[in-house]
Amino acid sequence: MKKKLEKKKELVKKIKHKKEEKKEHKHEKKEKTEKKIKKVMKEFGKGELHSGSKKGPMVTNPKQAIAIGYSEAKEAKKKAKKKKK
């Protein structure tokens, strides 16, 4: 009887630990995305941000700049997954 209770307690501890690890991992991803957006917004503030390529038109709307930041973060995430494999 005691052994069963001990096993259940161990399982609960393992599950809680895994959930905490997932939360930390999500937090790291969020930080990376925020850094990318911050970088893009700095470019926007300096007036160096172009839509598309460097030859494309200048970005004038801050919402558009944020969208570009999210897009770049998504691309970086895909590249990281490819390198992992």
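Before reading on, note that the structure itself is shown above.
Conventions used here
Residues numbered from 1 in each chain as written. Predicted model: local features only at pLDDT ≥ 70, side-chain atom pairs only at ≥ 80, totals over all residues. Heavy atoms only, no water. Helix = DSSP H or I, 4+ residues; strand = E, 2+ residues; numbered from the N terminus. Buried < 20%, exposed > 50% of the residue type's maximum accessible area, 1.4 Å probe, protein only. Expected span 1.5 Å × (residues − 1). Patch = residues over 30% accessible without salt bridge, like charges linked within 9 Å, V, L, I, M, F, W, Y side chains within 5 Å. Areas by Shrake-Rupley, 256 points an atom, 1.4 Å probe, with all protein chains shown as cover. Salt bridge = Lys/Arg side-chain N within 4 Å of Asp/Glu carboxyl O. Lys, Arg positive; Asp, Glu negative; His and termini not counted. Charge placed at Lys NZ, Arg CZ, Asp CG, Glu CD. Core = buried A, V, L, I, M, F, W, Y, C linked by side-chain atoms within 4.5 Å. Contact = heavy atoms within 4.5 Å.

Draft legend 1. Quick look at the environment of Ala 67. Structurally, the position occupied by Ala 67 is in helix H2 (residues 62-84). Judged by relative accessible area, which is 45%, Ala 67 ranks as partly exposed. Considering only alpha carbons, one finds Ala 67 and His 50, 17 residues apart in sequence, at a separation of 12 Å.

Draft legend 2. Molecular detail of H2. In this model, H2 (23 residues) spans 33 Å end to end at C-alpha, consistent with the 33 Å of a helix rising 1.5 Å per residue. Inspection of H2 places Ala 65, Ile 68, Gly 69 and Ala 73 among the buried residues, and these make up the whole buried set.

Draft legend 3. Highlighting a positive patch on the surface. Taken together, the side chains of Lys 29, Lys 32, Lys 35, Lys 77, Lys 81 and Lys 84 make up a positively charged region of the molecular surface. Mapped onto the positive patch, the elements with two or more residues apiece are helix H1 (2-46) and H2. With respect to the secondary-structure elements, Lys 81 resides in helix H2.

Draft legend 4. The nonpolar core, seen in detail. Among the nonpolar cores identified, the biggest contains six residues, and these are Val 40, Phe 44, Leu 49, Val 59, Ala 65 and Ile 68. Every element with two or more residues in this core is listed here: H1 and H2. When near neighbours in sequence (up to four residues on either side) are disregarded, Ile 68 contacts Val 40, Leu 49, His 50, Ser 51 and Val 59.

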